[in-house]
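Here is what each chain is made of, one letter per residue.
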Amino acid sequence: MLASASQRAPTRYINSTAVTLSEVLKVAVSVLAIYAEARGLGGAARTVLATLLGSPAELLRVCVPALLYTIQNNVIYAALAHLDAVSFQMAYQLKIVAAMLAQRVLLKKPASYARWVSVLILTLGVCLVQLSLKEGDGDGGDAAPAPAPAPEAASADEGGSGDPAAAAAAAAAAGRSRTLGLLACLVACGCSGLAGAFMELLLKGSTLSLPRRNLQVAAISVLIAAFHMLNRDADALRAGGFFQGYTPLVWAMVALDAGGGLLVSMLLKYSSATMKNFAAPIGIILNCLLSFYRDKSFKPNKRFLLGTAMVILALGMYTASG
């Protein structure tokens, strides 16, 4: 869904507006949760003010994960503009490596031998999938992978050309580059690992309730995201407005991003940063099925199937060896 939203909108939405809007939604949900806890408008208002203004030192501490999450969200949107759903989902699993390293450094949590083996299998599986998709590009360049062609490539296929080289050329003309997409994905993985470990440290080492801590992080993230948006996309905003290119899929993407961020903070509060990876195999399978459904001409080769199996096996080993 995320990749479809980023690639199919008739007028391209601005990535920075989606990130900013997602953080605004997190602020709204956090305020509503505080209101439910306070059971009164006056008490909720006092709690919100105390949360945001009562402890500058605490607010300063959350600037680190807020900045990391903002960078992560922006580069994820950038990666989705250059990668199809399957490629992104596979490569993004390398965030587990970053999470393990960050937990080792920040939380002093050593990883078991089985988990390091699973990381090796995961890395090999991701590489196999990327190589198999690159083979399907036709020219072996940095064009978009076969499972999720750009709109121009899809139109060519519907017209009956069936030429993979033409499809790859159309995708390249649309400005998509797997190299840039993978680099953005690696940056997102690093930010995810660091931010997750830092947030786990903050949530478990504080007496603040989960909605109050979420409000702090989201409020700082809104400021950072808005500054980035105005600094980078001011001309585009003046020309087309904040909501240019927004479709139901883009709105769904923003809502999922906001809801997912709040759910991750709940996991970090009551469990650990590694628990959120339990859903990854299901996400990979669903993305594969959706991509195959969209492009029925795509035939997964043996390298792709082997790489997918290795990624799922690695995630299973990782979560089972806690």
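Because the structure is predicted, anything quoted here is derived from the model rather than measured.

Trainee: Help me understand the pattern of salt bridges, please; the structure alone is not making it clear to me.
Mentor: Going through the model one piece at a time under the given rule, you end up with five salt bridges. Across the pair Glu-23 and Lys-26 runs a salt bridge whose closest N-O atoms are separated by 3.4 Å. Residue Glu-23 and its partner Lys-26 are located together in helix α2 (residues 15–38), separated by three residues, close to a single helical turn. Arg-213 serves as the salt-bridge partner of Glu-58, at 2.8 Å between the closest nitrogen and oxygen. With Glu-58 in helix α4 (residues 56–61) and Arg-213 in helix α12 (residues 210–240), the pair connects residues that are 155 residues apart, well separated along the chain. Residue class for Arg-213 comes out buried when judged on its relative accessible area of 1%.

Trainee: For this particular structure, what's the right way to read the side chain of Ser-16?
Mentor: The residue Ser-16 is located in helix α2 in this model. Here Ser-16 falls in the buried class, since its relative accessible area comes to 3%. What Ser-16 contacts, discounting residues up to four positions off in sequence, is Asn-74, His-228, Met-229 and Asp-233.

Trainee: Which parts of the structure should I look at to understand a nonpolar patch on the surface?
Mentor: The grouping of Leu-67, Ile-71 and Val-187 at the surface amounts to a nonpolar patch, some 220 Å² of accessible area in total. Relative to the helices and strands, Ile-71 resides in helix α5 (residues 63–80). On the basis of relative accessibility, which here comes to 34%, the residue Ile-71 falls in the partly exposed class.

Trainee: What should I look at first to understand the packing of aromatic side chains in this one?
Mentor: In this description, a pair of aromatic rings is defined by centroid distance and the angle of the planes. Summed over the entire model, instances satisfying the criterion amount to seven aromatic pairs. Centre to centre, the rings of Phe-242 and Phe-243 are 4.8 Å apart; their planes meet at 70°, and the pair counts as edge-to-face. Assessed through its relative accessible area of 25%, Phe-242 is described here as partly exposed. Taking the centre distance of 5.4 Å and the plane angle of 85° together, the rings of Phe-243 and Tyr-246 count as edge-to-face. Under the relative-accessibility criterion, Tyr-246 is labelled buried at 13%. A network of ring pairs unites the aromatic residues Tyr-13, Tyr-77, Phe-242, Phe-243, Tyr-246 and Trp-251 as a single cluster. The residue whose ring lies beneath Arg-12 is Tyr-13, and the NZ or CZ to ring-centre distance is 4.5 Å.

Trainee: Could you clarify how one ought to interpret the nonpolar core in this entry?
Mentor: Where a protein is soluble and globular, its nonpolar side chains tend to be buried together. Membership of the largest hydrophobic core comes to 30 residues, with the highest contact counts inside it found for Ile-76, Phe-88, Tyr-92, Ile-96, Leu-122, Val-126 and Val-311. Those elements that provide at least two residues to this core are α5, α6 (85–92), α7 (95–106), α8 (113–135), α11 (178–204) and α15 (302–320). When residues no more than four places from it in sequence are discounted, the contact partners of Leu-122 are Gln-93, Leu-94, Ile-96, Val-311 and Ala-314. Counting residues in hydrophobic clusters, the runner-up holds 14 residues, among them Ala-66, Tyr-69, Leu-210 and Ile-220.

Trainee: What is the right way to look at the packing of α2 against helix α13 (residues 248–270) in this model?
Mentor: The interhelical angle for the contact between α2 and α13, taken along N-to-C directions, is 50°, at an axis separation of 9 Å. Here α2 lies oblique to α13, going by the angle between them. In this structure, the crossing between α2 and α13 has a hand that is right-handed. Of the residues in α13, those touching α2 at Ala-18, Leu-21, Ser-22, Leu-25, Lys-26, Val-29 and Ser-30 are Trp-251, Val-254, Ala-255, Asp-257, Ala-258, Gly-261 and Leu-262. Residues of the contact of α2 with α13, tallied by class, amount to nine nonpolar, three polar and two charged.

Trainee: Would you take a moment to explain the side chain of Asn-73 for this structure?
Mentor: Inspection of the secondary structure puts Asn-73 in helix α5. The exposure class of Asn-73 is buried, given its relative accessible area of 7%. In contact with Asn-73, other than residues within four places in its own chain, are Val-19, Glu-23, Lys-26 and Asp-257.

Trainee: Please explain the environment of Ala-81 as it appears in this structure.
Mentor: Along the polypeptide, Ala-81 turns up in the loop between α5 and α6. A relative accessible area of 19% means that Ala-81 is categorised as buried. Residues Ala-81 and Asn-15, 66 residues apart in the sequence, show an inter-C-alpha distance of 9.6 Å.

Scoring rules and cut-offs
- Here the residue index of a chain counts from 1 through its sequence in written order.
- Under the rules for a predicted model, residues below a pLDDT of 70 receive no local features and side-chain atom pairs below 80 are neither given nor counted, while totals for whole chains, interfaces and linings still include all residues.
- Side-chain metrics in this entry use all non-hydrogen atoms of the structure; hydrogen atoms and water are not considered.
- The working definition used for a salt bridge is a side-chain nitrogen of Lys or Arg within 4 Å of a carboxyl oxygen of Asp or Glu.
- The way it works is that DSSP assigns letters per residue, a run of H or I at least four long becomes a helix, a run of E at least two long becomes a strand, and they are numbered from the N terminus.
- Between buried and exposed lies partly exposed: a residue is buried under 20% and exposed over 50% of the maximum accessible area for its type, with that area taken using a 1.4 Å probe on protein chains only.
- Every residue pair with non-hydrogen atoms within 4.5 Å of one another is taken to be in contact.
- For patches, a residue must show more than 30% relative accessible area and have no salt bridge; joins then use 9 Å for like charges and 5 Å for nonpolar side chains, namely Val, Leu, Ile, Met, Phe, Trp and Tyr.
- To be clear on the numbers: accessible area is Shrake-Rupley with a 1.4 Å probe, and residue cover counts the displayed protein chains and nothing else.
- Two rings from Phe, Tyr or Trp (for Trp, the six-membered ring) form a pair when their centres sit within 6.5 Å of each other. Planes less than 30 degrees apart are called stacked, planes more than 60 degrees apart edge-to-face, and all others tilted.
- Ring-over charges, as used throughout, are those where CZ of Arg or NZ of Lys falls within 6 Å of the ring centre and within 35 degrees of the ring normal.
- Each nonpolar core is a collection of buried residues, namely Ala, Val, Leu, Ile, Met, Phe, Trp, Tyr and Cys, held together in the definition by side-chain atoms within 4.5 Å.
- Orientation is described by axes fitted as lines to C-alpha atoms, over the contacting stretch for helices, and by angles from 0 to 180 degrees between their N-to-C directions.
- Working rule for angles: under 35 degrees goes down as roughly parallel, over 145 as roughly antiparallel, 65 to 115 as roughly perpendicular, anything else as oblique.
- What makes a crossing left-handed is the near helix being turned counterclockwise from the far one by less than a right angle; a clockwise turn instead makes it right-handed.
- Gly counts as polar in this scheme, as do all residues outside two lists: the nonpolar Ala, Val, Leu, Ile, Met, Phe, Trp, Tyr, Cys and Pro, and the charged Asp, Glu, Lys and Arg.

Function-wise, these values are silent; they only describe arrangement.
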